[in-house]
Structures are given as structure tokens and as C-alpha cells.
Amino acid sequence: MADQTHVLFVEDDDVIREATQLALERDGFAVTAMPDGLSGLEAFRADRPDIALLDVMVPGLDGVSLCRRIRDESTVPVIMLSARADSIDVVLGLEAGADDYVTKPFDGAVLVARIRAVLRRFGHAGGTAQAEEDASAVSGTLAFGELEIDTDGMEVRRGGRPVALTPTEMRLLLEFSSAPGTVLSRDKLLERVWDYGWGGDTRVVDVHVQRLRQKIGQDRIETVRGFGYKLKA
């Protein structure tokens, strides 16, 4: 297991859980599959997986609450699984700290592609290796008002105080800071930050921008209606 990417998969439907586990294992992943949120939290703490796949509707501790508990302890990437693309559960999961979501029923190849896309930008163990690579062209400390971004140390400070960002939030901030004052469309951000080579749900961008604003200042990222977002220089 040490040489494999370790996936924690929490799903209460026996058929989906077993079929998905087999599919992921065929693609080379090591999988710990749990039927409810409480056992999923125990497995997370015991095994420290590289990525977590959490169904929204699981008993004991629902997927959104489990995501919050995981995010309180780790920046490990989290993908939520939801039965409805238009469900408020999707937004709740993203607000809880999830990095992406996949709608059920899902194609196994699509799920694997999304997992690999997340892992590419996080690094195998959920670190910031990809973010560091993306920041290589903008090295040093950048300052925007009271906001300071150390692109070498991957640290952010606001008013001199450290700001804790998830790797996805860091990549999003680095993308904005590489072109301050330039409007970046949601589609462009999906492509650059989420590594989507296909159309994606722009709610992922909107929720992450809102989470980032809460940490670095509501006025630091401006919405340009009909076009996207830009970082105020």
C-alpha cells in the first residue's frame, strides 16, 4: 500500500461501494471502503489516506459533516459524491471544504480521471508540490495591501498574521496573484486550478472564491459580472 495512492471511500450503498472499490483497485489504487461517516472518520484518522471520496448521504455522520471534521484536521483532498447535480448538498459540501464533486451515477473512468486531476494538483500526499510548480514563474513575496504571499514558502499572511489555506485555495490565490487586475473567467480558472480539460460546474469556482475571500478579505477579489473575477492590485 505504501507505493499506492490510498483512497478512503465512504458510501452506504453496498453495491456501489463494492463495485467502485473494485474499479479503483483495478486502476491501481489502494482503497479503504466504509459504510458510514463515523467509521469513515475512524479510518481517516487511523490510515491518513491520500484522498477521500465521501458520499453526501451516509448514516451516522453525513458526508458534509465528515468533510468538515476532516478539514479541521487535514488539507487532504476531498471529493464529494452527490446523487443530484442541482442539489444544495453540492454547495454545502464545497463550503465544508471539499475540493470537487462528482454526480451519481458516475462512470468509473470519469471518477478515476477526476481523482487523478485532484492528485496532480495536490501531490501524492495532499501537499503543495503542484502549487509550487505553478508558482515557479512568480518567485518571492508578493504584497497586495495587507495581504502578503510568499510563493517560495507557500505561506500567506494578512496584516502580518498567517492565513491557513487548503492547497486548492492556495492554487486559486496563486492564479489570481500571477495576473493582478486581470479578469479570469470561471472556465479559465476551472482549467488552470482544477485541471479540467472539459466543461465543469462553475459553482466549484464560486464557492472556492467565496471561501478565499473570507480568509484574505472580502474586497480583495472583485467580481466582474458576466466575465469572472480579478485580484485587486
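Please read these numbers as outputs of a predicted model, since none were measured by experiment.

Bringing the sheet that holds strand S5 (residues 100–103) into the picture now. Here we have five strands laid out as an open sheet, ordered S2-S1-S3-S4-S5, and parallel in their pairing. In the strand order of this sheet, the two ends are held by strand S2 (30–34) and S5, each with one partner. Across this sheet, the average inter-strand angle for adjacent strands is 20 degrees, counted without regard to direction. Summarising the sheet, strand S1 (residues 6–10) and strand S3 (residues 51–55) pair through four bridges and their orientation is parallel. When the bridges of S3 are listed, leucine 8 appears paired with alanine 52. Its contacts with the sheet put helix H2 (residues 37–47) on S1 and S2, and the angle it makes with S1 is roughly 165 degrees.

With that out of the way, let us pick up the sheet that holds strand S7 (residues 147–150). What the four strands build is an open sheet, ordered S6-S7-S8-S9; its pairing is antiparallel. The sheet is open, and its two borders are formed by strand S6 (141–144) and strand S9 (161–163), each paired with just one other strand. Across the sheet, the mean angle separating the axes of adjacent strands is 25 degrees when strand polarity is ignored. Relative to strand S8 (residues 155–158), S7 is paired through four bridges, and the arrangement is antiparallel. Within S8, the position partnered with leucine 147 by the bridge is arginine 158. The strands touched by helix H7 (residues 167–177) are S6, S7 and S8; relative to S7, the strand with the most contacts, the crossing angle is about 105 degrees.

On to the pairing of S7. In this sheet, S7 lies alongside S6 in antiparallel orientation, the contact comprising four bridges. Residue phenylalanine 144 lies in a different strand from S7, and its bridge partner there is leucine 147. Where S6 folds back onto S7 in an antiparallel hairpin, the turn is made up of two residues, including glycine 145, whose phi is positive at roughly 65 degrees. What sits between the antiparallel neighbours S7 and S8 is a turn of four residues, in which methionine 154 has the positive phi angle 55 degrees.

A few words on the environment of valine 76. With respect to the helices and strands, valine 76 occurs in the loop between helix H3 (63–73) and strand S4 (78–82). C-alpha separation for the pair valine 76 and isoleucine 51, spaced 25 residues apart in sequence, amounts to 5.9 Å. Setting aside residues no more than four positions away along its own chain, valine 76 makes contact with Phe44, Pro49, Asp50, Ile51, Ile70, Arg71, Asp99 and Phe122.

Cut-offs applied
- Residues numbered from 1 in each chain as written.
- Predicted model: local features only at pLDDT ≥ 70, side-chain atom pairs only at ≥ 80, totals over all residues.
- Heavy atoms only, no water.
- Pairing = 2+ DSSP bridges.
- Helix = DSSP H or I, 4+ residues; strand = E, 2+ residues; numbered from the N terminus.
- Axes fitted to C-alpha atoms, helices over the stretch in contact; angles between N-to-C directions.
- Contact = heavy atoms within 4.5 Å.

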